[in-house]
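Take a look at the letters that make up each chain.
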Amino acid sequence: MTRTVDATEELAAFLRTRRERLDPHAFGLPARRQSRRTPGLRREEVAELAGVSVDYVVRLEQGRGLRPSADVVEALAGALRLAPAERAYLFDLAQQRPRNADPLATAAAPPLARLVDDLSPLPAMLMNHRYDILAWNDEMARLLVDFGALPPAQRNSMWLCLMHPEVREFYVDRERVVREGIAHLRAAWAAHPEDRALTDLITEFTTHDEEFARLWAERDVQVNGRGSKLIRHPEVGLMAVHFEVLMPLQDPDQRLVIYRAADEESRSALERLCAR
């Protein structure tokens, strides 16, 4: 069961999983006499790379109540070769990154809602950090699903991908889309430990969806600002789309998502769909 972030427990688990994923040969570490019985680096190797004591690493990985300083977090991130999103996640867990004092977005800012409409004929929608869909234009509704016909609790991009019977079959590379969505939710979970609605959403997913529970346990962290998806649309067939995610300075908890056709064939299919 997922609960409100226990930062100490999650930091311990995250450090262990990242250490175990590393290839010792990639670090040029001196050969050790003992054979490696577990994957990845040893704790003493991480300690040596980070410039901290082995006991300190052991206590961190055992969740024994330590709160590492920003310098130690930076050293551990470097030793574990964390990607930028993973590094930010580690800083969040260590409570060393300044918290955003802005309120969580539960409704679309009116200027952004108007912008979503103005972006037609490009499909566009507005979401918050937990993937709640706050506003959308007609093109996005025709491309994905009629959001207006859904109960508000189901107007969530991750919920639709996991639970909606039609949207579940929508993406050709479904596991990649779900994996990336989960990696974003994990980053949001650490950055917003006070967000009970997000915690409840993750609990619902882990309880009722085996795929989500399996991928959530891998502790991947990633935030994608752009990418591509291959869509299997029931009305017009295959479509390849690029997406771009923009974060307004005035409303940093809202994300503007814009889709564009990736090729001429997909553009033609999208135009036929929207013309209906």
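Each chain has its residues counted from 1, running along the sequence as written. Local features in this predicted model are restricted to residues whose pLDDT is 70 or higher, and side-chain atom pairs enter the listing and the counts only when it is 80 or higher, whereas totals over whole chains, interfaces and linings include all residues. Only heavy atoms go into the side-chain values, all of them from the structure, while hydrogens and water stay out.

Undergrad: Where do I start with helix α10 (residues 196-208) in this structure?
TA: Side chains that are three or four residues apart share a direction in an α-helix, a result of its 3.6 residues per turn. Numbering goes from the N terminus for both helices and strands, where a helix is a DSSP run of H or I of at least four residues and a strand is a run of E of at least two. The length a helix should cover is 1.5 Å for every residue beyond the first. The terminal C-alpha atoms of α10 lie 18 Å apart, and with 13 residues this matches the ideal 18 Å at 1.5 Å per residue to within 8%. Each residue is assigned to one of three classes by its accessible area relative to the maximum for its type, calculated with a 1.4 Å probe on protein chains only: buried under 20%, partly exposed between the two thresholds, exposed over 50%. Listed as buried for α10 are Leu198, Thr199, Leu201, Ile202, Thr203, Phe205 and Thr206. Residues of α10 that are buried sit in contact with α8 (157-163), α9 (174-191) and α11 (210-216). Think of a polar contact as two N or O atoms within 3.5 Å of one another; within protein, one of them needs to be a possible hydrogen donor and the other a possible acceptor, and neighboring residues in sequence only count if both atoms come from side chains. Capping the start of α10, Asp195 holds a side-chain oxygen 3.2 Å from the backbone nitrogen of Ala197, two or three residues further along. In this description, contact between two residues means that some pair of their heavy atoms is separated by no more than 4.5 Å.

Undergrad: Can you walk me through unusual backbone geometry in this structure?
TA: Glycine aside, negative phi is the norm for most residues, and most peptide bonds take the trans geometry. The omega torsion of the bond from Ser120 to Pro121 falls at 15 degrees, within 30 degrees of zero and hence cis. In the Ramachandran plot, Gln95 falls in the positive-phi region, its phi being about 55 degrees despite a non-glycine side chain. Residue classification places Gln95 among the partly exposed residues on the basis of a relative accessible area of 41%. The phi dihedral of Arg219 is positive, around 60 degrees, even though this residue is not glycine.

Undergrad: For this particular structure, what's the right way to read empty space enclosed by the protein?
TA: Taking a probe equal in size to a water molecule and rolling it over the atoms shows the remaining empty space. Here the term cavity refers to a set of points on a 1 Å grid, laid over the protein atoms alone, in which a 1.4 Å probe fits but cannot get out; the term pocket refers to an open set having protein on both sides within 12 Å along at least five of seven lines, with lining residues being those that place an atom within 4 Å of a point. Grid points are joined across faces, edges and corners, and a volume is the space filled by probe spheres set on the points. If you walk through the whole model with that rule in mind, you get 2 cavities of 30 Å³ or more. Of the voids in this model, the largest cavity is the one considered here, and its volume is about 60 Å³. Lining the largest cavity are Leu144, Val145, Phe147, Ser157, Leu160, Cys161, Val167 and Tyr171. Here the residues of the lining of the largest cavity are counted per class, giving 7 nonpolar, 1 polar and no charged. One number sums up the size of the second largest cavity: a volume of about 40 Å³. Lining of the second largest cavity is provided by Leu15, Arg19, Val46, Val57, Leu60, Glu61, Leu76 and Leu80. Secondary-structure elements contributing two or more residues to the lining of the second largest cavity are α1 (7-20) and α3 (54-61). The dominant element in the lining of the second largest cavity, judged by the number of residues it contributes, is α3, at 3 residues. Charged means Asp, Glu, Lys or Arg here, nonpolar means Ala, Val, Leu, Ile, Met, Phe, Trp, Tyr, Cys or Pro, and polar covers whatever is left, Gly included.

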